[in-house]
Amino acid sequence: MTLSDRLALALTLLLAVAFPVAWFAPLMTVRLRLAFWAEGTDVSLISTLQALWSDDPGLALVLSFLALAAPMLKLLGAALILLGALTPRAEGALWLLGRLAMADVFLIAVYIALFKGLDAATIRPGWGLWAYTGAVLASLALSSWLARREAGLRGAGRNGTRGA
């Protein structure tokens, strides 16, 4: 295993820890200008999903897959590729999982925009939003590296040398 493969595997393992931390971290604090919520309510990805399960289980199931399962499956696939237990040709499936995992970022942005549009509410981003954003960006970097690695391996098969 090359040094860059080891670094990518370390990043994969780091993300396997960072994503769950970010799921429970406060993404934002919502403060409605009502007496009973004067202190504000911290909103995390997990608390949002928990609240959604009672109101709309179908949507909660879809969002749980996009926000929780897809990123972890993508990381598992990346680790298996790096360890040589899965062929690099599985990159296509990982690419799809990565795109699905990005859908939750869009939904968080919509969520923030909806609260910002309320006159009776204020919203303050929390440290979890930075943690989650960082995990998503690191995951994108890992995907990009895996794609370049696969292209290099394919190039090595054609002319007998390993691609850059």
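All of the points below concern the structure found in this document. (Residues numbered from 1 in each chain as written. Predicted model: local features only at pLDDT ≥ 70, side-chain atom pairs only at ≥ 80, totals over all residues. Heavy atoms only, no water.)

Together, Phe65, Leu73, Leu76, Leu80, Leu86, Trp95, Leu96 and Leu100 make up an exposed nonpolar region whose accessible area comes to about 680 Å². Of all the secondary structure elements, the ones that give two or more residues to the nonpolar patch are helix H3 (57–82) and helix H4 (91–116). No other element matches H3, which puts four residues into the nonpolar patch. Assignment of secondary structure puts leucine 76 in helix H3. (Patch = residues over 30% accessible without salt bridge, like charges linked within 9 Å, V, L, I, M, F, W, Y side chains within 5 Å. Areas by Shrake-Rupley, 256 points an atom, 1.4 Å probe, with all protein chains shown as cover. Salt bridge = Lys/Arg side-chain N within 4 Å of Asp/Glu carboxyl O. Helix = DSSP H or I, 4+ residues; strand = E, 2+ residues; numbered from the N terminus.)

Here we take up the packing of aromatic side chains. This structure, assessed with the given rule, holds two aromatic pairs. Here the aromatic rings of phenylalanine 19 and tryptophan 23 are separated by 6.5 Å at their centres, their planes lie at 35°, and the arrangement is tilted. Linking phenylalanine 19 with tryptophan 23, this pair stays in helix H1 (residues 3–24), spanning four residues, or about one helical turn. Aromatic pair phenylalanine 19 and tyrosine 132: ring centres 6.0 Å apart, planes at 75°, arrangement edge-to-face. A residue pair is termed long-range when its members are at least 10 positions apart, and phenylalanine 19 in helix H1 and tyrosine 132 in helix H5 (residues 127–159) qualify at 113 residues. Each residue in the set Phe19, Trp23 and Tyr132 is aromatic and connected to the rest through ring pairs, giving one cluster. (Phe/Tyr/Trp six-rings, centres within 6.5 Å; stacked < 30°, edge-to-face > 60°.)

With 26 residues, H3 extends 36 Å from end C-alpha to end C-alpha; this agrees with the ideal 38 Å at 1.5 Å per step. When the local axis directions of H3 are compared, the greatest deviation, roughly 40°, occurs at alanine 69, which is followed within four positions by the proline proline 71. Phi for glycine 84, located one or two positions after H3, is positive at around 80°. (Expected span 1.5 Å × (residues − 1). Bend = angle between axes of the 7 residues up to and from the residue.)

Scope: geometric values only; no functional claims are made or implied.
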